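Here is how the chains run, residue by residue.
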Amino acid sequence: MIALLALACGVAVANVYFPQALTPLVAEHFHVEAGTAAWIVIAAQLGYAAGIFLVVPLGDRLPPRRLVGVLLGSTSVALVTQGLTGSFALLCALSVLVGMTTVVPQVLIPLSADLVPPGRTGAVVGVLQGGLLAGILLARAFGGVLGDLLGWRGPYLVAGVLCGVLGALLAWKLPARSPRAARVDPLAPLRLLAEHRDLRRSGLYQALLFGGFNAAWTSTAPMLTDTAHGWSTSVVGVVAVVGAASALLAPVAGRWTDRVGPDRVSAVCFAGVVVSSVVLVPGGLVGITGLVGLMAGLLLLDVSVQSNQVANQHRVFALDPGRRSGLNSAYMTCTFLGGAVGSWLGVLAQSRVDWWAVCGIVACTGLAAGTRHMLRRRRVTAL
């Protein structure tokens, strides 16, 4: 069951990310600039943040089997419609809808924490986070390769069919479980943020790091396919496959978090993000040298952001086991709002300055999170 849930996390979240590799093809088809085409990515991430805030708390109130089936069915219909549309405005609007309904991983991850003993929470969350990250990174390979072969519409249509099949499978296989809560409080995420200091700082940590992560990845496809570099979208897919190797380390990060605690893991991750920003700088060079530097930097960035995600969710789920969906909703809303801002800043930096400015954004996110973490440790030590 854990393996199936990890697969579902990867397939569902991929719908927010495979358009990143398609932005050059969408820009060419609809005769818009690359920065404008990037709104199909930004819109999906904003929709995902809205879905986390509005839909994920329903995981505490509704049977998971019914909720997940409805969400994936809705995602399937929206994706197929995107693949058939001839309007860029409608494509962006449907991206918001896809983002709102493809929040299935944020329903399944708290559910997985309910299925295992407390001492195994980090390891199991790590497995599902590994599936989630694999979906995020392999989505770009899926979009890039299929986009080259079938055009920009192909990935949307194939993803729609996959979500339909997966929704039917999960509606059949998910265990029947009673709701955790008798009613849904639409303001629960805000109340939980106000109540738990560790939830607020975990959300801040990941909003910063995920913003840097998205700034780098959203800028990668336009940079690699521009006139100077001249790579195809399939090469963007190859870069993503290399980065997806970081998903293999997610279970390791989970076990490490169980052993040493989330705060120590987070500190190492913040340092990793800063180092990755330096490694990424040569990624703007033309030719193989730049491509290798880009892949190495993105791999280190992916490992750091993913490991911090595992540590944060370990910390958040321990706050109140009876309200894990609400806690996850609040935390992930912060995360994806940060990611959407990072995507926008990355495209802006790449189009108006250069790749080094994107690397600067990544460095700033790691430094900001690390500084906040050090200040907290000093305050706790003083007390």
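Heads up: these notes are all about the structure in this document.

Notes on the pattern of salt bridges
(1) Moving on: Applying the stated criterion to the full structure yields 4 salt bridges.
(2) Moving on: Asp198 is the partner of Arg201 in a salt bridge, and the nearest nitrogen-oxygen pair spans 2.9 Å. With Arg201 and Asp198 both in helix 11 (residues 197–224) and 3 residues apart, the pair spans about one turn of that helix.
(3) Moving on: The salt bridge partner of Arg376 is Asp263, with a shortest N-O separation of 3.3 Å.

Structural notes on empty space enclosed by the protein
(1) Moving on: Evaluated as defined, the whole model comprises 1 cavity of 30 Å³ or more.
(2) Moving on: Taken as a whole, the largest cavity encloses approximately 110 Å³ of empty space.
(3) Moving on: As for the largest cavity, its lining consists of 14 residues, of which Leu132, Ile136, Phe210, Gln306 and Gln309 are closest to the centre.
(4) Moving on: Those elements that provide at least two residues to the lining of the largest cavity are helix 8 (121–150), helix 11, helix 15 (288–317) and helix 16 (324–352).
(5) Moving on: Per-element tally for the lining of the largest cavity: the top contributor is helix 8, with 4 residues.
(6) Moving on: Its residues placed into classes, the lining of the largest cavity shows 8 nonpolar, 6 polar and no charged.

Comments concerning the environment of Trp217
(1) Moving on: Relative to the helices and strands, Trp217 is located in helix 11.
(2) Moving on: Along the sequence, Trp217 and Leu137 sit 80 residues apart, while their C-alpha atoms lie 9.3 Å from each other.
(3) Moving on: Once residues within four sequence positions are removed from consideration, Trp217 is found in contact with Gln20, Leu137, Arg140, Val239, Ala240, Leu298 and Asp302.
(4) Moving on: Within polar-contact distance, the side chain of Trp217 engages the side chain of Asp302 at 3.0 Å.

As for the nonpolar core
(1) Moving on: Val26, Leu108 and Leu301 are the most contacted members of the largest nonpolar core, which totals 99 residues.
(2) Moving on: A total of 11 residues in this core trace back to one element, the largest contributor, which is helix 11.
(3) Moving on: Not counting chain neighbours up to four residues away, the residues in contact with Leu301 comprise Gly212, Phe213, Ala216, Val273, Ser276, Leu280 and Val362.

Some thoughts on the packing of helix 5 (residues 64–84) against helix 6 (residues 88–101)
(1) Moving on: Direction vectors running N to C along helix 5 and helix 6 enclose 160°, while the axes themselves pass 9 Å from each other. Relative to helix 6, the element helix 5 lies roughly antiparallel. In the crossing of helix 5 with helix 6, the sense of the turn from one axis to the other is left-handed. Only Leu91, Leu94, Ser95, Leu97, Val98 and Thr101 of helix 6 make contact with helix 5, whose side of the interface consists of Leu71, Ser74, Thr75, Ala78, Leu79, Thr81 and Gln82.
(2) Moving on: Of the residues in the contact of helix 5 with helix 6, the class split is 7 nonpolar, 6 polar and no charged.

Here we look at the packing of aromatic side chains
(1) Moving on: According to the stated counting rule, one finds 9 aromatic pairs in the structure shown.
(2) Moving on: Ring centres of Phe30 and Trp152 lie 5.4 Å apart, and the angle between their planes is 55°; on these two criteria the pair is classed as tilted. Taken together, the residues Phe30 in helix 2 (residues 23–30) and Trp152 in the loop between helix 8 and helix 9 (153–173) connect sequence positions 122 residues apart. There is no split in this pair, since Phe30 and Trp152 are both buried.
(3) Moving on: When the ring of Phe210 is compared with that of Phe213, the centres are 5.5 Å apart and the planes differ by 15°; the resulting orientation is stacked.

A word on the environment of Gly326
(1) Moving on: Secondary-structure assignment places Gly326 in helix 16.
(2) Moving on: Each C-alpha atom, one on Gly326 and one on Leu58, is 8.4 Å from the other, the two residues being 268 residues apart in sequence.

What counts as what
- Residues numbered from 1 in each chain as written.
- Predicted model: local features only at pLDDT ≥ 70, side-chain atom pairs only at ≥ 80, totals over all residues.
- Heavy atoms only, no water.
- Salt bridge = Lys/Arg side-chain N within 4 Å of Asp/Glu carboxyl O.
- Helix = DSSP H or I, 4+ residues; strand = E, 2+ residues; numbered from the N terminus.
- 1 Å grid on protein atoms, 1.4 Å probe; cavity = no way out; pocket = protein on both sides within 12 Å on 5 of 7 lines; lining within 4 Å.
- Points joined across faces, edges and corners; volume = space filled by probe spheres on them.
- Nonpolar A, V, L, I, M, F, W, Y, C, P; charged D, E, K, R; others polar.
- Contact = heavy atoms within 4.5 Å.
- Polar contact = N/O pair within 3.5 Å; in protein donor to acceptor, adjacent residues only side chain to side chain.
- Core = buried A, V, L, I, M, F, W, Y, C linked by side-chain atoms within 4.5 Å.
- Buried < 20%, exposed > 50% of the residue type's maximum accessible area, 1.4 Å probe, protein only.
- Axes fitted to C-alpha atoms, helices over the stretch in contact; angles between N-to-C directions.
- Parallel < 35°, antiparallel > 145°, perpendicular 65-115°, else oblique.
- Left-handed = near helix turned anticlockwise from the far one by under 90°.
- Phe/Tyr/Trp six-rings, centres within 6.5 Å; stacked < 30°, edge-to-face > 60°.

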